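Next come the chains, spelled out residue by residue.
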Amino acid sequence: MQRLHDPLRYFLSFLFPFLLTLFLIPIAAQAEVSVENGQKLFKQYCASCHGINNKMVGPALKGITQKRSEKWLIEWIRNNAALRAAGDKDAIAIWEEYGRNEMPQFLSLTDDDIRSILAYVEQDVPAPGAPAAGQGTAPVAADKQSPVLLYVIAVVLLAIFLTLVRANRLLRRMTAEALGEPMPEPVPWSRRIRSPKAIAFYGLVAVGLLGFTLADSAIRLGRSKNYTPEQPINFSHELHAGTLKIDCRYCHSSAEKSKVASIPSVNTCMNCHSAVQQGRTPEGTAEIQKIYAAYENNKPIQWVKIHNLPDHVYFSHAQHVTAGKIDCQTCHGPVETMKKVYQYASLSMGWCLNCHRQTEVQFQDNAYYTLFTELHEKVKSNPDMKVTAQMTGGDECQRCHY
């Protein structure tokens, strides 16, 4: 009897994982390359230097897959310096065309991540002037996915599991009857769900769910990516920083020499608006009148803070803007395209560390880095060497937490 049951048990024990694999492999394959993931990665890594339809710091990316092979694009995006070092003529020509400006390395991106970015770039996007995804009004969170599909899969797998358990019990009963052996009476479900083993299982599930909830809540604590509050004045960065080309540091004047970037005072606004009293639309004129009201009443404008790091984190704008020569868009995103500013990046510790590991600092002719004599010697012996923030201590805990 035992020998008869063992093959059946082995068969069923292998059948369930096999069916589970059949269900999950197609889903995983579909999730590897997706426009939605590409949109998220484009915003995080590419949008500060590249537009899809318009040239920014780097070239417009629309149609790039028709100009270059997928293999070349993957190698270029992941590590363009290595491609140039290998003597690739196209890579060297692009580097020369754009003034030898170094494109950051993205070693953490997988091939499928890069394919997802290319898929997003090549999809139909709004023409120039129309608000693109993630621009203009409050953006849709690209990483907010519906769990409905996961619930459906869980229900289907549970149904398969219960069906196999019932089939196993039925086959065992039929085998016992055929051999004339007694079959123990089945234990009712009402007793099974109250058995010590069931109670122990419930406890394990509860502890697992509680642990996951606490860990997930702690990880997300204080993060506010895509936060887009209503401001007292509908100030458009798209108009001021984009169309009018006003430098960020004109309004945020202390970003080069202080820990904070500062919020411009009403007097800063009036430097221009004492002469510019009418907007391009009636709505714009109404917003300008709010500036005059604050100025005449000698009251500050109560702007709502968007980017707010935890209190235990030290961050200096001066260190990044002046010493590191980092563009504002690296952390704040393409503000020159935002009608309403939102928090572009997660600003999590992992996000900052990835930036420190991948971003090349302006090491040469920079007084801030004169103390790094050993690194300077290495650069002299290897002029093509790239120095990242990580190599200057950018991943040490005490740099941001002390």
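Procedures and definitions
- Residues numbered from 1 in each chain as written.
- Predicted model: local features only at pLDDT ≥ 70, side-chain atom pairs only at ≥ 80, totals over all residues.
- Heavy atoms only, no water.
- Helix = DSSP H or I, 4+ residues; strand = E, 2+ residues; numbered from the N terminus.
- Buried < 20%, exposed > 50% of the residue type's maximum accessible area, 1.4 Å probe, protein only.
- Contact = heavy atoms within 4.5 Å.
- Areas by Shrake-Rupley, 256 points an atom, 1.4 Å probe, with all protein chains shown as cover.
- Core = buried A, V, L, I, M, F, W, Y, C linked by side-chain atoms within 4.5 Å.
- Patch = residues over 30% accessible without salt bridge, like charges linked within 9 Å, V, L, I, M, F, W, Y side chains within 5 Å.
- Salt bridge = Lys/Arg side-chain N within 4 Å of Asp/Glu carboxyl O.
- Phe/Tyr/Trp six-rings, centres within 6.5 Å; stacked < 30°, edge-to-face > 60°.
- Lys NZ or Arg CZ within 6 Å of the ring centre and 35° of its normal.
- Axes fitted to C-alpha atoms, helices over the stretch in contact; angles between N-to-C directions.
- Parallel < 35°, antiparallel > 145°, perpendicular 65-115°, else oblique.
- Nonpolar A, V, L, I, M, F, W, Y, C, P; charged D, E, K, R; others polar.
- Polar contact = N/O pair within 3.5 Å; in protein donor to acceptor, adjacent residues only side chain to side chain.
- Disulfide = S-S within 2.5 Å.
- Arc of directions from axis to C-beta.

1. Topic: the overall build of the chain
Here is step 1: On a plain count of helices and strands, the chain comes out with 18 helices and 0 strands.
Here is step 2: The buried share of the chain, reckoned over its 402 residues, is 31%.
Here is step 3: Excluding contacts between residues fewer than 6 apart, the proportion of contacts in the chain whose partners are at least 24 apart in sequence is 69%.
Here is step 4: Total accessible area computed for the chain in this model is approximately 26,000 Å², and 61% of it derives from carbon and sulfur atoms.

2. Here's the deal with the nonpolar core
Here is step 1: Counting 35 residues, the largest nonpolar core has Phe42, Trp72, Trp76, Ile77, Leu109 and Ile117 as the members making the most contacts within it.
Here is step 2: Looking at this core, the elements that each hand over two or more residues are α2 (35-46), α4 (70-85), α5 (89-97) and α6 (111-122).
Here is step 3: Broken down by element, the residue count for this core peaks at 6 residues, all from α4.
Here is step 4: With near-sequence residues (within four places) excluded, Ile117 lies in contact with Gly38, Leu41, Phe42, Cys46 and Leu109.

3. Details of a nonpolar patch on the surface
Here is step 1: Taken together, Trp189, Ile193, Ile199, Phe201, Tyr202, Val205 and Leu209 make up a surface patch of nonpolar side chains, about 740 Å² in accessible area.
Here is step 2: Tracing the backbone through its elements, the reader meets Phe201 in helix α9 (residues 196-220).
Here is step 3: Given a relative accessible area of 52%, Phe201 falls into the exposed group.

4. Focus on the packing of aromatic side chains
Both the distance between ring centres and the angle between the ring planes are used here to describe each pair of aromatic rings.
Here is step 1: Taken as a whole, this structure holds 6 aromatic pairs when the rule is applied.
Here is step 2: Measuring from centroid to centroid gives 5.0 Å for Tyr368 and Tyr369, while their planes differ by 85°, and the two rings are edge-to-face.
Here is step 3: For Tyr369, a relative accessible area of 4% translates into the label buried.
Here is step 4: Taken together through their ring pairs, the aromatic side chains of Phe363, Tyr368, Tyr369 and Phe372 make up a single cluster.
Here is step 5: Sitting over the face of the ring of Trp72, Arg68 holds its NZ or CZ atom 5.1 Å from the ring centroid.

5. Regarding the packing of α4 against α6
Here is step 1: Between α4 and α6, the shortest axis-to-axis distance is 10 Å and the interhelical angle comes to 105°. By the angle between their axes, α4 is roughly perpendicular relative to α6. Contacts between α4 and α6 involve Glu70, Leu73, Ile74, Ile77 and Arg78 from the former and Asp111, Ile114, Arg115 and Leu118 from the latter.
Here is step 2: Looking at side-chain class alone, the contact of α4 with α6 contains 5 nonpolar, no polar and 4 charged residues.

6. Points about the side chain of Ser236
Here is step 1: Positionally, Ser236 belongs in the loop between α9 and α10 (237-243).
Here is step 2: At 3.1 Å, the side chain of Ser236 forms a polar contact with the backbone nitrogen of Leu239.
Here is step 3: With residues near it in sequence (within four places) discarded, Ser236 still touches Met338 and Lys339.

7. Here's the deal with the environment of Arg357
Here is step 1: Structurally, Arg357 is set in helix α16 (residues 349-358).
Here is step 2: On the accessibility criterion, Arg357 (41% relative accessible area) is partly exposed.
Here is step 3: Note: C-alpha distance between Arg357 and Pro104 (253 residues apart in sequence) is 9.9 Å.
Here is step 4: Setting aside chain neighbours within four positions, we find Arg357 in contact with Thr388 and Gln390.

8. Let's talk about the state of the cysteines
Here is step 1: Under the defined criterion, the tally for this structure stands at 0 disulfides.
Here is step 2: In this structure Cys328 is not part of a disulfide, and its nearest cysteine sulfur, from Cys248, lies 4.1 Å away.
Here is step 3: In this structure Cys331 is a free cysteine whose sulfur lies 6.0 Å from that of Cys355, the closest cysteine sulfur available.

9. With respect to α5
Here is step 1: Among the residues of α5, Ala91, Ile94 and Trp95 are the ones counted as buried. The buried residues of α5 all sit within an arc of 100° when viewed along its axis, so they share a single face. Across from the buried face of α5, at angles greater than 90 degrees, the exposed residues are Lys89 and Glu97.
Here is step 2: Next to the buried residues of α5 lie α4.
Here is step 3: Where α5 begins, the capping side chain belongs to Asp88, and its oxygen is found 3.1 Å from the backbone nitrogen of Asp90.
Here is step 4: Immediately beyond the C-terminal end of α5, within one or two residues, lies Gly99, with a positive phi of roughly 65°.

10. Comments concerning the side chain of Thr285
Here is step 1: Relative to the helices and strands, Thr285 is located in helix α13 (residues 282-296).
Here is step 2: With sequence-adjacent residues up to four places away left out, Thr285 is seen in contact with Gln277, Gln278 and Gly279.

11. Looking at unusual backbone geometry
What you tend to see is this: most non-glycine residues have negative phi, and most peptide bonds are trans.
Here is step 1: A positive phi is found at Asn298, a non-glycine position, where the angle reads about 55°.
Here is step 2: Relative to the assigned elements, Asn298 resides in the loop between α13 and α14 (317-323).
Here is step 3: A relative accessible area of 70% places Asn298 in the exposed class.
Here is step 4: Although it is not a glycine, Leu347 sits at a positive phi angle of roughly 60°.
Here is step 5: Tracing the backbone through its elements, the reader meets Leu347 in the loop between α15 (329-332) and α16.
Here is step 6: Exposure remark for Leu347: the relative accessible area of 18% places this residue in the buried category.

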